[in-house]
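What the coordinates show
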Amino acid sequence: MHSTSFFVAAAFAAAAYASPMGGPSNSGGGNWNGSAPAGGAAASYTTGMPGNPTAVPNPVPTSGVIAELLTADNTVARFKDIQKEIAAGDASLKFDFNPAANPAVTPGEGGQVDLASRANFPILTGLGISAAGIFFEPCGLNTPHVHPRAAEFLTVATDSNVFTGFVLENGLASEFNTTLTQFQGTVFPQGSIHFQQNLDCHPAVAIAGLNSEDPGASSVAQNFIVNLDGDVVDATLGFPKQIDGDNFAQFKKNIPASLAKGVEECLIRCNIPY
């Protein structure tokens, strides 16, 4: 969630490097070579997230059932309760990641994330795992975020180019990054700041596995700039002249929800208005 910039021509270099993350550094062994993926400059774009638009929404668990499952005497008792939920139609043995099956998720301009956790897929209770389907619009950016309770393994499912990166922690603050294509995956350590960017002018899909049934997510820019005390943010940024009391409210209002539309270079290359 934040922008990392990619270059197709020298004309785009200034705009791309003006983005908050700078250009891909290949510090993590990424294969970005400074040129655009197939399609070239000024490509047309296709929109519309992949998936079945008529998918039936996932069932909604009974209120309080997760607390009951967490306090069941043993695993057998817990699964008997899950059986009852399934029989009543309030749970299922399958989770549908199709966006249409998750109407409670509010998409951003660049796509949406559909997370299967114990809260909406009760059979995960006690298993210590969860998964997410990430649906990118063209150039869509899953802005920098952290998972406070989980590491993540992400795999690209479509014939796409997805640029990813993470920063581990203080003491090793350089960016690890790589570019993934279909059926390739990478990891983001627990607590690391990480992002994913669709480099293409057509939609993309990735699937992520996480080693917690309740991984959590904290969007870095959104929670830091929008939700923290303005004076604290101002001091943390070193009292920048470009952001002051007169324009800070406007600046906060322009921070997009994730998934964001994408970095400027990609939007220009794909002819996407912004």
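Our subject is the structure that appears above.
Please read all numbers here as calculations on a predicted model, not as lab measurements.

Conventions we followed
- Within each chain, residues carry numbers counting from 1 in the order of the written sequence.
- With pLDDT at 70 or above as the cut-off, local features in this predicted model cover only qualifying residues; side-chain atom pairs require 80 or more to be listed or tallied, and sums for whole chains, interfaces and linings still use all residues.
- The side-chain figures draw on all heavy atoms in the structure; neither hydrogens nor water molecules are used.
- Runs of E in the DSSP output that reach at least two residues are strands. Runs of H or I that reach at least four are helices, and both are numbered from the N terminus.
- For the exposure calls, accessible area comes from a 1.4 Å probe over protein chains only, and a residue counts as buried if that area is under 20% of its type's maximum, exposed if over 50%, partly exposed in between.
- Contacts are residue-level and defined by heavy atoms, with any inter-residue pair within 4.5 Å sufficient.
- Only the protein chains shown count as cover for residues, and all accessible areas are computed by the Shrake-Rupley method using a 1.4 Å probe.
- Pairs of strands are assigned from DSSP output, requiring at least two bridges between the strands.
- When a carboxyl oxygen of Asp or Glu lies within 4 Å of a side-chain nitrogen of Lys or Arg, that pair is called a salt bridge.
- Whenever a nitrogen or oxygen atom comes within 3.5 Å of another N or O atom, the pair is scored as a polar contact, on the condition that within protein one atom can donate a hydrogen and the other can accept it, and that pairs from neighbouring residues in sequence are kept only if both atoms are in side chains.
- Orientation is described by axes fitted as lines to C-alpha atoms, over the contacting stretch for helices, and by angles from 0 to 180 degrees between their N-to-C directions.

1. A word on the overall build of the protein chain
From N to C terminus, the protein chain includes 7 helices and 10 strands. Counting the 274 residues in the protein chain, one finds 41% classified as buried. Contacts in the protein chain between residues far apart in sequence, at least 24 positions, make up 75% of those at least 6 positions apart. Counting only carbon and sulfur atoms, one obtains 58% of the accessible surface of the protein chain, whose full area is about 13,400 Å².

2. Here's the deal with the sheet that holds strand β3 (residues 141-146)
Strand pairing in a sheet relies on backbone hydrogen bonds. The paired strands run either parallel or antiparallel. Spatial ordering of the open sheet is given by β6-β5-β8-β3-β10, a layout of 5 strands whose pairing is antiparallel. Bordering the open sheet on either side are β6 (172-180) and β10 (218-219), each of which pairs with just one other strand. In this sheet, β6 lies alongside strand β5 (residues 162-169) in antiparallel orientation, the contact comprising 7 bridges. Considered in β6, the bridge of Val 167 is made with Glu 175.

3. Comments concerning the pattern of salt bridges
With the rule as written, the count across this model stands at 4 salt bridges. For Glu 109, the salt bridge goes to Lys 261, with nearest N and O atoms at 3.9 Å. Remark: Lys 261 occurs in the loop between α6 (248-253) and α7 (264-269) and Glu 109 occurs in the loop between α3 (75-87) and β1 (111-116); sequence separation between them is 152 residues. With its nearest N and O atoms 3.2 Å apart, the salt bridge here joins Glu 213 to Arg 118. Residue Glu 213 is found in the loop between β9 (204-210) and β10, and its partner Arg 118 is found in the loop between β1 and β2 (130-136); the two are separated by 95 residues along the sequence. Residue class for Arg 118 comes out partly exposed when judged on its relative accessible area of 22%.

4. A few points about the environment of Arg 149
Position of Arg 149 relative to the elements: it lies in the loop between β3 and β4 (152-156). With relative accessibility at 41%, the residue Arg 149 sits in the partly exposed group. Not counting the four nearest positions on each side in its chain, Arg 149 is found in contact with Gln 190, Asn 211, Ser 212, Asp 214, Pro 215 and Gly 216. At a separation of 2.7 Å, a polar atom in the side chain of Arg 149 contacts the main-chain carbonyl oxygen of Asp 214.

5. Points about the sheet that holds β2
Read from one edge to the other, the open sheet built from 5 strands follows the order β1-β2-β9-β4-β7, with strand pairing classed as antiparallel. Because the sheet does not close on itself, it has two edges, and the strands there are β1 and β7 (185-188). When the angles between neighbouring strand axes are averaged without regard to direction, this sheet yields 20 degrees. Strand direction decides the pairing type here: β4 and β9, joined by 5 bridges, are antiparallel. Opposite Thr 155, over in β9, you have Ile 207 as the bridge partner.

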